[in-house]
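Structural features, examined
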Amino acid sequence: ELDLNLLLLWHLVHVGSFPGTFFSDIIETASKHGVNMDRDESWDAFERGIFETVDRRERERGWELSAEIRRRADRIVSLILHSDLPRVDVEIEIRGFRAFVVGELPGKEALFDAVYLARFRRIWEQWRRGGERLLPGLDPVE
């Protein structure tokens, strides 16, 4: 018999949570692969289906994260170009964005600083011309 406890444990370890549709997804994936939930004769096909479902969700999550990062970066550029926010407020936005990226992608602080912090500084210096440097305590990796 199919061990749903093992499947639940596997999902928790690899995905980290149980979305509201988890159980209906199990049944849908099982039926797509011809698994009768009362027998385990097609366990390999069912397991492949579960892996494919998780892989698809991870790819979708990657695209969603990429879009969110792009949206947040564009928002900060817009604040620099089209608002009169003082430097400290723009720096607060940048720090919040950096915390979000590092929270989602641990260990990518240097990459963030090299790409986004350098970009924000360049745009700030080009358009604000106030002589103030954004986040002077953070230096991108050279």
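Rules and cut-offs
- Residues numbered from 1 in each chain as written.
- Predicted model: local features only at pLDDT ≥ 70, side-chain atom pairs only at ≥ 80, totals over all residues.
- Heavy atoms only, no water.
- Helix = DSSP H or I, 4+ residues; strand = E, 2+ residues; numbered from the N terminus.
- Buried < 20%, exposed > 50% of the residue type's maximum accessible area, 1.4 Å probe, protein only.
- Contact = heavy atoms within 4.5 Å.
- Areas by Shrake-Rupley, 256 points an atom, 1.4 Å probe, with all protein chains shown as cover.
- Salt bridge = Lys/Arg side-chain N within 4 Å of Asp/Glu carboxyl O.
- Core = buried A, V, L, I, M, F, W, Y, C linked by side-chain atoms within 4.5 Å.

1. Description of the overall build of the chain
From N to C terminus, the chain includes five helices and zero strands. Along the chain, from the amino end to the carboxyl end, the secondary structure elements read α-α-α-α-α. Burial status across the chain gives 30% buried among its 142 residues. Contacts spanning at least 24 positions in sequence make up 56% of the contacts within the chain whose residues lie at least 6 apart. Here the chain has roughly 9400 Å² of accessible surface; of this, 53% comes from carbon and sulfur atoms.

2. Here's the deal with the pattern of salt bridges
Side-chain pairs of opposite charge can arise where the charged atoms are in close proximity. On inspection of all chains with the given rule, the structure shows eight salt bridges. Among the salt bridges present, the one from Glu68 reaches Arg71, with a minimum N-O distance of 2.7 Å. Highlighted residues: Glu68 and Arg71, both in helix H3 (residues 43-82), separated by three residues, approximately one helical turn. You can call Glu68 partly exposed: its relative accessible area is 22%. Its relative accessible area of 45% is what places Arg71 among the partly exposed residues. Here the salt bridges do not stand alone but share partners, grouping Glu68, Arg71 and Arg72 into one network.

3. Brief notes about the nonpolar core
Ranked by size, the top nonpolar core spans 19 residues in total, and within it Ile80, Ile94, Phe97, Phe120 and Leu134 carry the most contacts. Going through the elements one at a time, H3, helix H4 (87-104) and helix H5 (109-127) are the ones with two or more residues in this core. Among the elements that take part in this core, H3 stands out by supplying six residues, more than any other. Leaving out residues up to four positions away in the same chain, Phe97 has contacts with Ile69, Arg72, Ala73, Ile76, Phe112, Tyr116 and Phe120.

4. Observations regarding unusual backbone geometry
One non-glycine residue with positive phi stands out, namely Leu135, at about 45°. Examined against the element boundaries, Leu135 turns out to sit in the segment after H5.

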